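For reference, the chains in residue letters:
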Amino acid sequence: MNLLNIIRPEHTFIGVSAQTKWRALQTVAEKAAKAFSVDGQTILKALEAREKLGSTGIGNGIAIPHAAIDGMTSPRGLLLRFAQPLDFEAIDDIPTDIAFVLLFGENNRGEYLNVLSAIARQLQSDGVLAAMRKARTVDEFYSDFIADSRV
């Protein structure tokens, strides 16, 4: 699974402002709509519906909001760091500062699980998360995530 094909440098953001998880979903839906030429309201509704099933805050300050979107032919994603950590209702109650937003078509559910596994493996690499949190630029942030190219 090559994350470089799913999360591109131009779809990476730092300093994203949002006061709540729900406002964060609205912000990422807007960014995803521009990035992937998909209707922002469609993305927002899908992300909100998924979040209502259970929090996508996986712990350790990480969230992976995700949803199936009609018309998506392959998994695509955004990588972002919030200006201030948000309560994503993660199981460990640690506020979320880094989010991976994954969108995929109904026919890509199996591939989506592979993407989740690749992200999890990458975040387990020594120092990746710490480096991402210290990054001062978008380029550093992205490079720190993909630095260990076992993805």
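Whatever comes next refers back to the structure up there.
Residues numbered from 1 in each chain as written. Predicted model: local features only at pLDDT ≥ 70, side-chain atom pairs only at ≥ 80, totals over all residues. Heavy atoms only, no water.

It is worth spelling out the packing of aromatic side chains at this point. Taken as a whole and assessed by the stated rule, the structure comprises 2 aromatic pairs. Taken together, a centroid distance of 5.1 Å and an interplanar angle of 50° make the contact between Phe100 and Phe145 tilted. With Phe100 in strand β6 (residues 96-104) and Phe145 in helix α5 (residues 138-146), this residue pair connects regions lying 45 residues apart in the sequence. Owing to a relative accessible area of 0%, Phe145 belongs among the buried residues under this scheme. Above the face of the Phe13 ring, Lys31 is positioned so that its terminal group lies 4.3 Å from the ring centre. Residue placement shows Arg81 over the ring face of Phe141; its charged tip is 5.4 Å from the ring centre. (Phe/Tyr/Trp six-rings, centres within 6.5 Å; stacked < 30°, edge-to-face > 60°. Helix = DSSP H or I, 4+ residues; strand = E, 2+ residues; numbered from the N terminus. Buried < 20%, exposed > 50% of the residue type's maximum accessible area, 1.4 Å probe, protein only. Lys NZ or Arg CZ within 6 Å of the ring centre and 35° of its normal.)

Counted at 1.5 Å a residue, the expected span for helix α1 (residues 21-36) with its 16 residues is 22 Å, and the 22 Å between its end C-alpha atoms agrees. Looking at α1, one finds that the buried residues are Lys21, Ala24, Leu25, Thr27, Val28, Ala29, Ala32, Ala33 and Phe36. Buried-residue contacts for α1 involve β1 (7-16), α2 (40-53), β5 (76-86) and β6. Looking one or two residues beyond α1, the residue adopting positive phi is Ser37, at roughly 55°. (Expected span 1.5 Å × (residues − 1). Contact = heavy atoms within 4.5 Å.)

Two side chains that carry opposite charge are able to pair once their charged atoms sit near each other. On inspection of all chains with the given rule, the structure shows 5 salt bridges. For the salt bridge of Arg8 with Glu10, the shortest nitrogen-to-oxygen distance reads 3.7 Å. Its relative accessible area of 31% is what places Arg8 among the partly exposed residues. Of the charged contacts in the structure, one is a salt bridge between Lys21 and Glu51, with a shortest N-O distance of 3.3 Å. Of this pair, Lys21 sits in helix α1 while Glu51 sits in helix α2, placing them 30 residues apart in sequence. (Salt bridge = Lys/Arg side-chain N within 4 Å of Asp/Glu carboxyl O.)

Let's shift gears to the side chain of His66. The topology assignment puts His66 in strand β4 (residues 66-68). Given the relative accessible area of 13%, His66 is considered buried. Separated by 3.0 Å, the side chains of His66 and Arg50 make a polar contact. A polar side-chain atom of His66 sits 2.7 Å from the main-chain carbonyl oxygen of Ile64. Discounting residues that sit within four places of it in the chain, His66 has contacts with Leu47, Arg50, Thr56, Leu102, Phe104 and Tyr112. (Polar contact = N/O pair within 3.5 Å; in protein donor to acceptor, adjacent residues only side chain to side chain.)

Spatial relationships are all this shows, so hold off on functional conclusions.
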